[in-house]
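Coordinate inspection notes
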Amino acid sequence: VQLVESGGGLVQPGGSLRLSCSASGFTFSSYRMSWYRQAPGKERELVATITSAGGITNYADSVKGRFTISRDNAKSTVSLQMNNLKPEDTAVYYCNAKIPENYWGQGTQVTVSS
């Protein structure tokens, strides 16, 4: 199993970023996928989840209305569109697959700062 995130970077408050996760080594279309994040000194937290077919999504209260998770089962990718970013969104963002063990990508840094 391999999960590779991309798309992080430095953005000003109010800006947008799109994270992508490319998955391989398992039947991507059969599993729920999630994005987590971990800020310095804090525990890793769930940001968003999408079911295997993409029909149901769930978000942390802190990102509802600003972030959108999506997936492309034909390309084995899951994305996180992040709009109206805030400084408190600064964290390392991780792609997660639970199949049933937890698999993680290496993470991508998102920094929101003026």
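Just above sits the structure.
This text gives an overview of the structure that appears in the document.

Moving on, we come to the environment of Val47. Examined against the element boundaries, Val47 turns out to sit in strand β5 (residues 45–50). Sequence separation between Val47 and Gln12 is 35 residues, and the spatial gap between their C-alpha atoms is 20 Å. In this structure, Val47 is in contact with Trp35, Tyr36, Arg37, Asn58, Tyr59, Ala60, Val63, Phe67, Leu80 and Tyr93, ignoring residues within four places of it in sequence.

Formed by 29 residues in total, the largest nonpolar core has its most connected members in Met33, Trp35, Val78, Leu80, Met82 and Tyr93. Contributing elements (two or more residues each) for this core: β3 (17–24), β4 (33–38), β5, β7 (67–72), β8 (77–82), β9 (91–98) and β11 (108–112). Ignoring anything within four residues of it in the chain, the contact list for Val78 reads Leu19, Ser20, Cys21, Phe28, Met33, Trp35, Ile50, Ile69, Ser70, Arg71 and Cys95.

So, on to the side chain of Thr108. Mapping Thr108 onto the fold places it in strand β11. A polar contact of 3.2 Å, which involves the side chain of Thr108, links it to the backbone nitrogen of Gly8.

Parameters and conventions
Residues numbered from 1 in each chain as written. Predicted model: local features only at pLDDT ≥ 70, side-chain atom pairs only at ≥ 80, totals over all residues. Heavy atoms only, no water. Helix = DSSP H or I, 4+ residues; strand = E, 2+ residues; numbered from the N terminus. Contact = heavy atoms within 4.5 Å. Core = buried A, V, L, I, M, F, W, Y, C linked by side-chain atoms within 4.5 Å. Buried < 20%, exposed > 50% of the residue type's maximum accessible area, 1.4 Å probe, protein only. Polar contact = N/O pair within 3.5 Å; in protein donor to acceptor, adjacent residues only side chain to side chain.

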